[in-house]
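What follows is the residue order along each chain.
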Amino acid sequence: MGDEVDDYYRELPDGTIKQRNPFTGTQVWTVPGRGARPLATPVTDARPLSADDRLASCAFCPSRLRQTPPEKARLVADAQGSFFGHRLVENVPSWQLDDTVAQFRRIPNLFEILPWSYWRVNHGMTMTPQQQERQEAYLAHPDGRAHVCEVLDAVLAANGASLKAEDLTERELRERSAPFFAGGHDVIVARRHYTDSGQTTADLAGSGSLSVADHRAFIGLTVHAMGDLYAQNPQARYVVAFQNWLKPAGASFDHLHKQLVAIDELGTNNQTLLPKVVLNPNIHNEYGPDFAADHGLVLARNEHAVATVGFGHRYPSVEIWSTSALDQPWRMTHEEIGAVADLLHAMHVAVGPHVPCNEEWHHRPVGVGVPVPWRVNLKLRVSTLAGFEGGTKIYVNTISPAALAARLLPELFRARSAGRIAPMDLGEECEIPRGVLACTRMR
């Protein structure tokens, strides 16, 4: 792998590191001296929290549940529950929203990337009998109808329309509310906007503020929704899962949530990657955990997952790899899903709540016959793309992979000692055998 590694990762005499992502082809340079600043930006405008802040800071908050579309599912804390210490409750109607406390909710996105009309017009899709039955029951109930109309009024107003939901005919009401019951863009929302112990508006409840068990449930509900979107939409070539944390990373609200979007193409990343996997089914091992082990970039490991610092990314990035023999998360065991969740949670704890970041989930699309291990890239949005990047398509990443590992490992050790993360091996404790990604050995 020596000559190829030189092509993908090359350190020059002055310390500049030139990288090319082996999966996407992205070119990245890390120049010495440009990455000394802290990852997090200090919060300068924090104020004391009020009771209203905790419950109603944004449309995702607990006292504003009716401002979001009809709920597809929620997780309720239940020590006897089979869903990572929670109980899954599906299709909660508006008149039962306050009967239980939702730790995590799955709701339709109010403003879909691919709207329901896209699938209906371009693919001839219709609502399934179950979706249609739920819509009819929801609209038949006075409170359910009022809820749908309230949300539709918000959509109409945002689109500049002067009419109200009450002005629509029955057929128009059903057509306009169909995305709430059959759409392919979902949001997984956590309960808290601020931490329970927080005192000021700087105390946002990010992924790292969740307990290990709650983060497992958060990931589990996202995985469940991904499998469900594939099952409901036979035209979906790929379900994109991601998390935007804080506004500089693209979040509309500083309230913890993930998004899933069904699309009818594989996407440029997959179109670039899949031919490479055909030629070399072991490519993920070679330039993922194997490369990390050879270069001192392994951060953590548990029974079913490995966390490494990645290279060839526009932003400093951590990669969490599932070592399962399966490469589609909704087919995995709870233990395998939990292992990925635990390492991802640990990375969020180490990074902290004030660093804008994105999660990008990758998996083997349905219908694709080459191995693509489930992995989550955690990208730290600590720099701004500018004219140089636009003009050259060479991205300046201010923190080298080795420097990122050096920053995160001490935080991980401190978090483990404090009991804030799940048990796991860290840094040099990790023994990573060659070819640890088991799915690549299946073919």
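These remarks concern the structure in this document. (Residues numbered from 1 in each chain as written. Predicted model: local features only at pLDDT ≥ 70, side-chain atom pairs only at ≥ 80, totals over all residues. Heavy atoms only, no water.)

## A short note on the overall build of the chain
Now for step 1: The secondary structure content of the chain amounts to 13 helices and 16 strands.
Now for step 2: What you see for the chain is a C-alpha radius of gyration of 22 Å, in line with the 22 Å of a compact globule of 443 residues.
Now for step 3: Expressed along its principal axes, the backbone C-alpha trace of the chain runs to roughly 70 × 50 × 50 Å.
Now for step 4: Here the chain, with 443 residues, has 55% of them falling under the buried criterion.
Now for step 5: For the chain, long-range pairs separated by at least 24 residues make up 71% of all intrachain contacts whose partners lie at least 6 apart in sequence. (Helix = DSSP H or I, 4+ residues; strand = E, 2+ residues; numbered from the N terminus. Rg over C-alpha atoms; globule rule 2.2 N^0.38 Å. Buried < 20%, exposed > 50% of the residue type's maximum accessible area, 1.4 Å probe, protein only. Contact = heavy atoms within 4.5 Å.)

## Observations concerning the packing of helix 7 (residues 212-232) against helix 11 (residues 334-351)
Now for step 1: The geometry of helix 7 relative to helix 11 is characterised by a closest axis approach of 9 Å and an angle of 120 degrees between their N-to-C directions. In terms of orientation, helix 7 and helix 11 fall into the oblique class. Considering how the two elements wind past one another, helix 7 and helix 11 form a crossing that is right-handed. Across from Val212, His215, Arg216, Ile219, Gly220 and Val223 in helix 7, the residues of helix 11 making contact are Ile337, Gly338, Ala339, Ala341, Asp342, Leu344 and His345.
Now for step 2: Considering only residue class, the contact of helix 7 with helix 11 consists of seven nonpolar, four polar and two charged. (Axes fitted to C-alpha atoms, helices over the stretch in contact; angles between N-to-C directions. Parallel < 35°, antiparallel > 145°, perpendicular 65-115°, else oblique. Left-handed = near helix turned anticlockwise from the far one by under 90°. Nonpolar A, V, L, I, M, F, W, Y, C, P; charged D, E, K, R; others polar.)

## Some remarks on the nonpolar core
For soluble globular proteins, nonpolar side chains are generally found buried alongside one another.
Now for step 1: Counting 112 residues, the largest nonpolar core has Leu299, Met347, Trp374 and Leu380 as the members making the most contacts within it.
Now for step 2: Ranked by residue count, the leading element in this core is helix 11, at 11 residues.
Now for step 3: Grouped together as the second largest cluster of nonpolar side chains are six residues, Cys58, Ile107, Val187 and Val189 included. (Core = buried A, V, L, I, M, F, W, Y, C linked by side-chain atoms within 4.5 Å.)

## As for the sheet that holds strand 2 (residues 17-20)
Strands belonging to one sheet form pairs held by backbone hydrogen bonds; the direction of such a pair is parallel or antiparallel.
Now for step 1: Read across the sheet, four strands follow the order 1-2-3-15 without closing on themselves; strand pairing throughout is mixed. In this open sheet, the two strands that pair with only one neighbour each are strand 1 (9-11) and strand 15 (394-396). Going across the sheet, the axis of each strand differs from the next one's by a mean of 20 degrees, ignoring polarity.
Now for step 2: Relative to strand 15, strand 3 (residues 27-30) runs parallel, the two being bridged by three bridges. From the neighbouring strand, Val28 faces strand 15, where its bridge partner is Tyr395. (Pairing = 2+ DSSP bridges.)

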